[in-house]
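# Coordinates in review
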Amino acid sequence: MRPRLTVFTGSRFGADPQYADAAAALGHRLAQRGVGLVYGGGHVGLMGVVADAAVAAGGEVIGVIPEHMVEEEDGHDRITRLEIVNDMHARKTRMAELGDAFLAMPGGIGTLEELLEIWAWRHLGLHQGQFGVYDVGDFWQPLLQMAQHMVETGFLSEAAHQVLHVFTTPDDVIDGLLSRR
């Protein structure tokens, strides 16, 4: 069975074209290396870019989208499989079930929430998957500084901090998250 990477990313493109370029490069490289993509199921923003690139390169792409967001995020109709679930909680649970590892790319509040939840689930022992951030253009540096501050002030253990991996290229993502399975 091929490994699958669950990717959390924005339903917008962001202000810098490098975000879309990185999303396209990741989707393309996942497909080339035989890694399936699990993502939020939309056809908009960086979500759409990573999915389109993986599809164009012949990859497996599974989208998971809540029923109420099918129209808002323009549920993708050219992917391998689109699963429609009841709500956001079911979406995140299903994405976690389908993925072997987890990655957050640049995005907004939803992406941040998904990353923090998967980190908390790992800390609580609810999954053992590797996870990290694709730090395109230093996007995640403020969060990484906050995490270090949490360690320094005694609210986060160094061990819980060290499970969050930081990547800057698609191959680093694949090698770093899926080779540790």
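The written sequence of each chain sets the order in which its residues are numbered from 1. This being a predicted model, a pLDDT of at least 70 is required before a residue's local features are given, and a value of 80 or more before pairs of side-chain atoms are given or counted; all residues contribute to the totals for chains, interfaces and linings. Heavy atoms from the whole structure form the basis of all side-chain values; hydrogens and water molecules are not counted.

## Regarding the sheet that holds strand β7 (residues 164-167)
- Here, strands pair whenever DSSP counts at least two bridges between them. A run of H or I in DSSP becomes a helix once it reaches four residues, and a run of E becomes a strand once it reaches two; helices and strands are each numbered from the N terminus. With parallel pairing, seven strands are arranged side by side in an open sheet as β4-β3-β2-β1-β5-β6-β7. Single-partner strands in this sheet number two, and they are β4 (81-85) and β7. In this sheet, adjacent strand axes meet at a mean angle of 25° when their direction is disregarded.
- Helix α2 (residues 45-56) contacts β2 (36-39) and β3 (61-66) of the sheet and is inclined by roughly 160° relative to β2. Lines fitted to C-alpha atoms define the axes here, with helix axes fitted over just the stretch in contact, and angles between the N-to-C directions of these axes take values from 0 to 180 degrees. Should any heavy atoms of two residues lie within 4.5 Å, those residues are considered in contact.

## Observations regarding a nonpolar patch on the surface
- A grouping of Met146, Met150 and Phe155 is seen on the molecular surface, where their side chains present a nonpolar patch of about 330 Å² in accessible area.
- Turning to its location among the elements, Met150 is positioned in helix α5 (residues 141-152). The patches described consist of residues with a relative accessible area above 30% and no salt bridge, like charges being joined within 9 Å and nonpolar side chains (Val, Leu, Ile, Met, Phe, Trp, Tyr) within 5 Å. Residue exposure ignores everything except the shown protein chains as possible cover, and the areas themselves are Shrake-Rupley values with a 1.4 Å probe. Think of a salt bridge as a Lys or Arg side-chain nitrogen and an Asp or Glu carboxyl oxygen that are within 4 Å of each other.

## Re the packing of helix α1 (residues 17-32) against α2
- As a packed pair, α1 and α2 sit with axes 7 Å apart at the nearest point and diverge in direction by 35°. For the pair α1 and α2, the crossing hand works out as right-handed. Residues Tyr19, Ala20, Ala23, Ala24, Leu26, Gly27, His28 and Ala31 of α1 lie in contact with α2, whose contacting residues are Leu46, Val49, Val50, Ala53 and Ala54. Crossing chirality is assigned from the near helix's rotation relative to the far helix, an anticlockwise turn below a right angle marking it left-handed and a clockwise turn marking it right-handed.

## Remarks on the environment of Phe155
- Within the secondary structure, Phe155 is located in the loop between α5 and α6 (158-162).
- Relative accessibility decides the category of a residue: with a 1.4 Å probe and only protein chains considered, values under 20% of the type maximum give buried, values over 50% give exposed, and everything between is partly exposed. A residue is classified by how much of its surface remains accessible, and Phe155, at 71% relative accessible area, is exposed.
- In this structure the C-alpha to C-alpha distance between Phe155 and Asp21, which are 134 residues apart in sequence, comes to 36 Å.

## Quick notes on the packing of aromatic side chains
- The criterion for an aromatic pair is that two Phe, Tyr or Trp rings (for Trp, the six-membered ring) have centres within 6.5 Å, with stacked assigned to planes under 30 degrees apart, edge-to-face to planes over 60 apart and tilted to the rest. Tallied over the full model, the rule gives four aromatic pairs.
- Centre to centre, the rings of Phe8 and Phe102 are 6.5 Å apart; their planes meet at 5°, and the pair counts as stacked. Taken together, the residues Phe8 in strand β1 (residues 4-8) and Phe102 in strand β5 (residues 101-104) connect sequence positions 94 residues apart.
- With relative accessibility at 3%, the residue Phe102 sits in the buried group.
- Arranged with centres 6.1 Å apart and planes meeting at 50°, the rings of Trp119 and Phe131 form a pair that is tilted. A residue pair is termed long-range when its members are at least 10 positions apart, and Trp119 in helix α4 (residues 109-123) and Phe131 in strand β6 (residues 130-134) qualify at 12 residues.
- For Trp119, a relative accessible area of 9% translates into the label buried.
- Put simply, the rings of Tyr19, Phe139 and Trp140 touch in pairs and so form one group of aromatic residues.

## A word on the pattern of salt bridges
- Under the counting rule described, the total for this entry stands at 11 salt bridges.
- Asp175 serves as the salt-bridge partner of Arg33, at 2.6 Å between the closest nitrogen and oxygen. A residue pair is termed long-range when its members are at least 10 positions apart, and Arg33 in the loop between α1 and β2 and Asp175 in helix α7 (residues 170-178) qualify at 142 residues.
- Glu83 is paired through a salt bridge with Arg94; the nearest N and O atoms lie 2.7 Å apart. Taken together, the residues Glu83 in strand β4 and Arg94 in helix α3 (residues 88-98) connect sequence positions 11 residues apart.
- Taking relative accessible area as the criterion, Glu83 reaches 15% and is therefore assigned buried.

## Describing the environment of Met95
- Within the secondary structure, Met95 is located in helix α3.
- Among residues more than four places away in sequence, those in contact with Met95 are Thr6, Val7, Phe8, Val38, Tyr39, Gly40, Val64 and Phe102.

## Here we look at α5
- The terminal C-alpha atoms of α5 lie 16 Å apart, and with 12 residues this matches the ideal 16 Å at 1.5 Å per residue to within 8%.
- Those residues of α5 not exposed but buried are Leu143, Leu144, Ala147 and Val151. In a view along the axis of α5, the buried residues occupy a sector of 100°, so they form one face of it. Of the exposed residues in α5, the ones pointing more than 90 degrees away from its buried face are Pro142, Gln145 and Glu152.
- Tucked into the core, α5 has its buried residues touching α4, α6 and β7.
- Note on α5: the residue one or two positions beyond its end, Gly154, has a positive phi of about 85°. What a helix is expected to span follows from its residue count: subtract one and scale by 1.5 Å. The directions from the helix axis to the C-beta atoms form the arc being described.

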